[in-house]
Amino acid sequence: MFESAEIGRSIDKATFEAEEPALREALLEAQYELKQQARFPVIVLINGVEGAGKGETVKLLNEWMDPRLIQVSTFDIQTDEELARPPAWRYWRQLPPKGRMGVFFGNWYSQMLQGRVHGKFKDAVLDQAIDGAERLERMLCDEGALIFKFWFHLSKQHMKARLEALKDDPLHSWRISPLDWQQSKTYDKFVRYGERVLRRTSRDYAPWYVVEGVDHYYRSLTVGRILLEGLQAALASPQRTQLQPHAAPLVSSLDNRGLLASLDMTQALSKDDYKEQLATEQARLSGLMRDKRMRKHALIAAFEGNDAAGKGGAIRRVTGALDPRQYRIVPVAAPTEEERAQPYLWRFWRHIPARGKFTIFDRSWYGRVLVERVEGFCSQADWLRAYGEINDFEEQLANAGVILVKFWLVIDQQTQLERFKEREQIPFKRFKITEEDWRNRDKWDDYGDAVGDMVDRTSTEIAPWTLIEANDKRFARVKVLRTINEAIEAAFAKD
């Protein structure tokens, strides 16, 4: 895959200087049009052989374009904050918003290549990382991102010649980094595994561009033209093309039975039993969160359910057992302007807790396959592909040691009606009831179907759903606490 990037491509200075002004002007115009339209972000991944001009090219692009609209990020060394979270967290938090450009050095490809070259893992782990990168890029593109992936290349001979020329030059020897010398010894491995990565991840929606880096005039014009042509094509297109998912049509159950209707909603606890069991489970949770084994894990609880099902009350009983410094509650409402400028899952990735901490999501990433699906806030293609994206997201959390519990609190229609009326009559509860809550009752069956699909497609071994029969609030609160405790204990048992 690198043959054409090892033939000594070059252009003369006069040609470069003749073409540079027009290219520079066109890139700047495209960048401002990108900002004006604010329809999609641009992500530029920088990879390749050391000494092939990666840094110099990005520096030149910052000179040609408006650097205020370009965010350059490097991911060479993980910070303590990043080490305490899933690996992808560090990339998600640096994603550029719509209308802006992000340049990533030391990105997910750099990490997997360096790990494999230096024997930190075998081919099977590399292949898993490649698959993960492909899924991430597919999702980012489905969310509208424009991705450019550049591999800057030098032949082995050119790399050695560069090092020899610079090492004895007192004015330029500083250009040689320890990584340059290191890669000179592992060049063959690096290129071999690089070819494996490029071959498996160059796709129509996020292709690789291999650029020979010997001549800086050739390199600079090539990268500039690729960026310009890609930007102009995306900006001229009124709508980024999205592939429709290959999914079976959703049909009603033949026997008219649903998952939620099969639950025993008569389960209840007496007041005395409730007090005793609540105290027991709260004490159990308090002890588990202080256990030293919790330092290897983070805890996430996602609460979903019918309106007035008692999510807030259940959350208060969970937090009542804990020191406020141990947990954080994230209420999820309609996305803000900042959140709408990012891929859907960004607003949740940013709140992933560090090891030893607990985050409670009052509503969650499942809004895409629930309220957004039922209310028509996103297309069918969006919510159908969200099932796979959510499963992938939760698998990444589980692989990083996150204990994830997911609750759907269920009440029947009569119980909901009674609670709605109660809220209207009690002054300090009136804020809990809105016109939207009443409107949602008209779509009770639609939400029931959506919940059934959600559980069927996303209740997995690593992140199962727990359905909570919540007609009786006391029973529901104890079941929530007990489920969290059992999940923590199961994680400890696997350590």
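Residues numbered from 1 in each chain as written. Predicted model: local features only at pLDDT ≥ 70, side-chain atom pairs only at ≥ 80, totals over all residues. Heavy atoms only, no water.

The name given to the protein in an unreviewed UniProt entry is Polyphosphate:AMP phosphotransferase, and the organism recorded there is Ectopseudomonas chengduensis.

1. Regarding the environment of Ser 262
Note the cut-off: In this text, helices come from DSSP runs of H or I with a minimum length of four residues, and strands from runs of E with a minimum of two, each type numbered from the N-terminal end. When a residue's accessible area, from a 1.4 Å probe over protein chains only, is under 20% of the maximum for its type it is buried; when over 50% it is exposed; and in between it is partly exposed. Under the rule applied, a polar contact is a pair of N or O atoms within 3.5 Å (in protein, one hydrogen donor and one hydrogen acceptor; residues adjacent in sequence only if both atoms are side-chain atoms).
Mapped onto the elements of the fold, Ser 262 is located in the loop between α9 (216-236) and α10 (271-290). With relative accessibility at 47%, the residue Ser 262 sits in the partly exposed group. From its side chain, Ser 262 meets the backbone oxygen of Leu 259 in a polar contact 2.6 Å long.

2. Considerations on the sheet that holds strand β10 (residues 465-469)
Applied cut-off: By this definition, two strands are paired if DSSP reports at least two bridges between them. Orientation is described by axes fitted as lines to C-alpha atoms, over the contacting stretch for helices, and by angles from 0 to 180 degrees between their N-to-C directions.
Within the open sheet, the five strands sit side by side as β7-β8-β6-β9-β10. Their pairing is parallel. What marks the edges here is a single partner per strand, and that holds for β7 (327-331) and β10. Each strand axis lies, on average, 20° off the axis of its neighbour in the sheet, ignoring direction.

3. Describing the packing of helix α15 (residues 380-399) against helix α18 (residues 444-458)
Put simply, the rule reads: Should an angle fall under 35 degrees it is called roughly parallel, over 145 degrees roughly antiparallel, and 65 to 115 degrees roughly perpendicular, with every other angle called oblique. If you view the pair so one helix is near and one far, a crossing is left-handed when the near helix is turned anticlockwise from the far one by less than a right angle, and right-handed when it is turned clockwise. Residue contacts are counted whenever heavy atoms from the two residues lie within 4.5 Å of one another. Ten residue types, Ala, Val, Leu, Ile, Met, Phe, Trp, Tyr, Cys and Pro, are classed as nonpolar, four, Asp, Glu, Lys and Arg, as charged, and the remainder, Gly among them, as polar.
For the pair α15 and α18, interaxial distance at closest approach is 10 Å and the crossing angle is 45°. In terms of their interaxial angle, α15 and α18 are classed as oblique. Every pair of crossing elements has a handedness; the one defined by α15 and α18 is right-handed. Across the interface between the two elements, Leu 384, Tyr 387, Ile 390, Asn 391 and Glu 394 of α15 pack against Asp 453, Met 454, Arg 457 and Thr 458 of α18. Tallied by class, the residues present in the contact of α15 with α18 amount to four nonpolar, two polar and three charged.

4. Some words on the sheet that holds strand β1 (residues 42-48)
Read across the open sheet, the five strands follow the order β2-β3-β1-β4-β5; overall the sheet is parallel. Sheet topology places β2 (70-74) and β5 (208-212) at the edges, where each strand pairs with a single neighbour. Ignoring strand direction, the axes of neighbouring strands in this sheet form an average angle of 20°. With seven bridges joining them, β1 and strand β4 (residues 146-153) adopt parallel strand pairing.

5. Section: the domain arrangement of the protein
Note the threshold: Domain start and stop points were drawn from an automatic or database domain assignment. Values labelled buried area give the accessible surface lost by two parts on being combined, using a 1.4 Å probe and summing over both. In the sections that follow, a salt bridge refers to a side-chain nitrogen of Lys or Arg positioned within 4 Å of a carboxyl oxygen of Asp or Glu.
Assigned domains within the protein: domain 1 (1-234) and domain 2 (257-492). On a C-alpha basis, the centres of domain 1 and domain 2 stand 41 Å from each other. Taken together, the contacts link 18 residues of domain 1 with 21 residues of domain 2. The junction of domain 1 with domain 2 conceals about 1,700 Å² of combined surface from both sides, 57% of it contributed by carbon and sulfur atoms. Of all residues in domain 1, Pro 86, Trp 92 and Glu 143 bury the most surface against domain 2, accounting for 34% of the area lost on that side. For the interface between domain 1 and domain 2, the tally reads three salt bridges.

6. Here's the deal with the packing of helix α2 (residues 54-64) against α9
Remark: α2 packs on α9, axes separated minimally by 10 Å, with the N-to-C direction vectors making an angle of 60°. Comparing the axis directions of α2 and α9 gives the class oblique. Every pair of crossing elements has a handedness; the one defined by α2 and α9 is right-handed. Contacts between α2 and α9 involve Glu 56, Thr 57, Leu 60, Leu 61 and Trp 64 on the former and, on the latter, Arg 219, Ser 220, Val 223, Gly 224 and Leu 227.

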